[in-house]
Amino acid sequence: MKRHVVICGLFRYPRGNATSNYVQYWADALKLAGYKVTILSYVNKEYTSKQHFLYRGVDVIDLENHISIIPLQRLLNGRLFQFRMKQTIKKLKLNNEDVVAVCDFSQISNPVFKLKKKYHYKTCGYPLEWFHKEFINNEKRAQIREAEFQRNKEHDIIFPISHLIAQQFELSGAIVDVIPIMADAEEFQYKEKDLSNGKYELIYPANGALKDALDQMLVGLSLLSKEEQSRIILHIKGVKKEYVQNLLGENTWETMKDVFVFHEWLEYADLVKLYQSCHYLLLARETNQMTMANFPSKVPEVMTHGVVPIVTNVGDYTKYYLFDGENSIVFDGCEPQTVADAIRKAISLPYDEYKRLSINARKTVEDKFDYHNWVVAYQTAIEKAFLN
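Some thoughts on helix α3 (residues 109-119)
Okay, step 1: Where α3 is concerned, the buried positions are S109, P111, V112, F113, L115, K116 and Y119.
Okay, step 2: Just beyond α3, the residue with positive phi is H120, at close to 65°.

Side note on empty space enclosed by the protein
Okay, step 1: Scanning all chains against the criterion turns up three cavities of 30 Å³ or more.
Okay, step 2: Each pocket or cavity is described by its volume, and for the second largest cavity that value is around 110 Å³.
Okay, step 3: Forming the walls of the second largest cavity are 16 residues, and the residues nearest its centre are N21, Y25, M182, A183 and E301.
Okay, step 4: In terms of residue count, helix α1 (residues 18-32) provides more of the lining of the second largest cavity than any other element does, four residues in total.
Okay, step 5: Of the residues contributing to the lining of the second largest cavity, the split by class is eight nonpolar, four polar and four charged.

Topic: the pairing of strand β4 (residues 58-62)
Okay, step 1: Across the five residues that make up β4, a large majority, four, are buried.
Okay, step 2: The pairing of strand β2 (residues 36-43) with β4 spans four bridges and is classified as parallel. Counted as the bridge partner of S41 is D62 from β4.
Okay, step 3: Here four bridges tie strand β3 (residues 52-55) to β4, and the two strands are oriented antiparallel to one another. Considered in β4, the bridge of F53 is made with V60.
Okay, step 4: Linking two consecutive strands that pair antiparallel, namely β3 and β4, is a turn of two residues; a positive phi of about 55° is found at R56 within it.

Here's the deal with the pattern of salt bridges
Okay, step 1: For the structure on display, the rule yields 21 salt bridges.
Okay, step 2: We note a salt bridge from R3 to E97, for which the minimum N-O separation is 3.0 Å. Remark: E97 occurs in the loop between α2 (71-91) and β5 (99-102) and R3 occurs in the segment before β1 (4-13); sequence separation between them is 94 residues.
Okay, step 3: Residue E97 is classed as partly exposed on the basis of its relative accessible area, which comes to 42%.
Okay, step 4: D156 serves as the salt-bridge partner of K116, at 2.8 Å between the closest nitrogen and oxygen. Remark: D156 occurs in the loop between α4 (139-150) and β7 (157-158) and K116 occurs in helix α3; sequence separation between them is 40 residues.

Observations concerning the sheet that holds β3
Okay, step 1: The eight strands lie next to each other as β3-β4-β2-β1-β5-β6-β7-β8, forming an open sheet whose pairing is mixed. Either end of the sheet is taken by a strand with one partner, and the two such strands are β3 and β8 (175-176).
Okay, step 2: Relative to β8, β7 runs parallel, the two being bridged by two bridges. Considered in β8, the bridge of I157 is made with I175.
Okay, step 3: Helix-sheet contacts for α1 involve β1, β2, β3, β4, β5 and β6 (122-125), and the interaxial angle to β1 is about 160°.

Observations regarding the packing of helix α6 (residues 214-222) against helix α14 (residues 336-348)
Okay, step 1: At a closest axis distance of 7 Å, the pairing of α6 and α14 adopts a crossing angle of 60°. As the angle between them shows, α6 and α14 are arranged oblique. For the pair α6 and α14, the sense of crossing is right-handed. Facing α6, whose interface residues are Q216, M217, V219, G220 and L221, α14 presents P336, V339, A340 and I343.
Okay, step 2: Within the contact of α6 with α14, the residues separate by chemical class into seven nonpolar, two polar and no charged.

Regarding the side chain of S162
Okay, step 1: By the element assignment, S162 lies in the loop between β7 and α5 (163-167).
Okay, step 2: Here S162 falls in the buried class, since its relative accessible area comes to 0%.
Okay, step 3: Not counting chain neighbours up to four residues away, the residues in contact with S162 comprise V178, M292, A293 and D316.

A look at the nonpolar core
Okay, step 1: Membership of the largest hydrophobic core comes to 114 residues, with the highest contact counts inside it found for I7, W26, F159, F260, Y280 and Y378.
Okay, step 2: Per-element tally for this core: the top contributor is α1, with seven residues.
Okay, step 3: In this structure, Y378 is in contact with Y22, W26, A29, L30, Y126, F159, I179 and M182, ignoring residues within four places of it in sequence.

Considering the pairing of β2
Okay, step 1: Of all eight residues in β2, seven are buried; the element is thus mostly enclosed.
Okay, step 2: Here β1 pairs with β2 via seven bridges, running parallel. Bridge pairing in β2 places V6 opposite T38.

Looking at the packing of aromatic side chains
Okay, step 1: Applying the stated rule across the entire model yields 25 aromatic pairs.
Okay, step 2: Arranged with centres 5.2 Å apart and planes meeting at 70°, the rings of Y280 and Y354 form a pair that is edge-to-face. In this pair, Y280 is assigned in strand β12 (residues 280-283) and Y354 in helix α15 (residues 351-369), connecting sequence segments 74 residues apart.
Okay, step 3: Relative accessible area serves as the criterion here: at 0%, Y354 is assigned to the buried category.
Okay, step 4: Ring centres of F295 and Y321 lie 5.8 Å apart, and the angle between their planes is 65°; on these two criteria the pair is classed as edge-to-face. Of this pair, F295 sits in the loop between α11 (289-293) and α12 (298-303) while Y321 sits in helix α13 (residues 316-321), and the two are 26 residues apart along the sequence. Pair check on accessibility: F295 and Y321 agree, each one buried.

Reading the values: rules and limits
Residues numbered from 1 in each chain as written. Predicted model: local features only at pLDDT ≥ 70, side-chain atom pairs only at ≥ 80, totals over all residues. Heavy atoms only, no water. Buried < 20%, exposed > 50% of the residue type's maximum accessible area, 1.4 Å probe, protein only. Helix = DSSP H or I, 4+ residues; strand = E, 2+ residues; numbered from the N terminus. 1 Å grid on protein atoms, 1.4 Å probe; cavity = no way out; pocket = protein on both sides within 12 Å on 5 of 7 lines; lining within 4 Å. Points joined across faces, edges and corners; volume = space filled by probe spheres on them. Nonpolar A, V, L, I, M, F, W, Y, C, P; charged D, E, K, R; others polar. Pairing = 2+ DSSP bridges. Salt bridge = Lys/Arg side-chain N within 4 Å of Asp/Glu carboxyl O. Contact = heavy atoms within 4.5 Å. Axes fitted to C-alpha atoms, helices over the stretch in contact; angles between N-to-C directions. Parallel < 35°, antiparallel > 145°, perpendicular 65-115°, else oblique. Left-handed = near helix turned anticlockwise from the far one by under 90°. Core = buried A, V, L, I, M, F, W, Y, C linked by side-chain atoms within 4.5 Å. Phe/Tyr/Trp six-rings, centres within 6.5 Å; stacked < 30°, edge-to-face > 60°.

The structure is reproduced here in structure tokens:
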């Protein structure tokens, strides 16, 4: 009988957010390794209204969670989600040959650990973030976040997203293996980038709330000459136009407003079309605990389409996967002038040189980020846990 791996988390599946995309490739890898895979989360209603369905050969069960900004309602939603998850796990009739994985920074691990005592399955954690208290303005919330992070030590298997996070669990007794954000190179064909209009299209596909140095990127753009700005289109997703206007000031905004194209929520098919039209990803970050621990999902996601990252040298992705002048443009720090210099370098490359970077970016996905490359790592870690 196949070993059953159940993945639980508060993400919209499929294609609902970054965590959802990670879980998709994780599930694909587990399925290819020969496991039966079930996902317990809440369904992306833009994809389907079904409560139980197959997606890419994986069982998906909707736990009907509802997002709310009202604290009391969020608390009730969380409790209801835990209750439904507990009842669903019971119905799956798991045993000591199976695995329940928690892919979230929430208290949904409570029922997972409680039921573990009854069904004796192994548990698995996937820490995606390591927040520092200085980035959380509520002391109690910061303590909860840290407690949830440390609770990963109770798992039998831990798949940290970065080596910095892995270091925190080296002495936990768990099987620990670092696996980055993945992609599926076979899902999309590489298409050569068009530059017939003389404009390089850049994309910043995030909200910039915590980890990204959005202000420095925007000011960096403003330091470019008018001629340089005329050769750039920057697609911004998840950031309101008013924010950019206020940051740059009315005079600067008026002189460079044609550089920007703003996007609200995009269905995944439309997001893919946008990626396929873009030449570069722009991503500047400060160096701190949170950015060093993180691995931005947007990096392999856009590289799948031959988009070349222009990124700050911070974290595992620039240490192990992105190399300046080979498959990306990597720079130190995130000062506006440094950002401006990196963009200037990018748009000054001869097209043949840009094309080489683009092809290499795609090849990095095929050789490094594609989930097929990580099947053995997942299988080895999981099976090792059952030998302990």
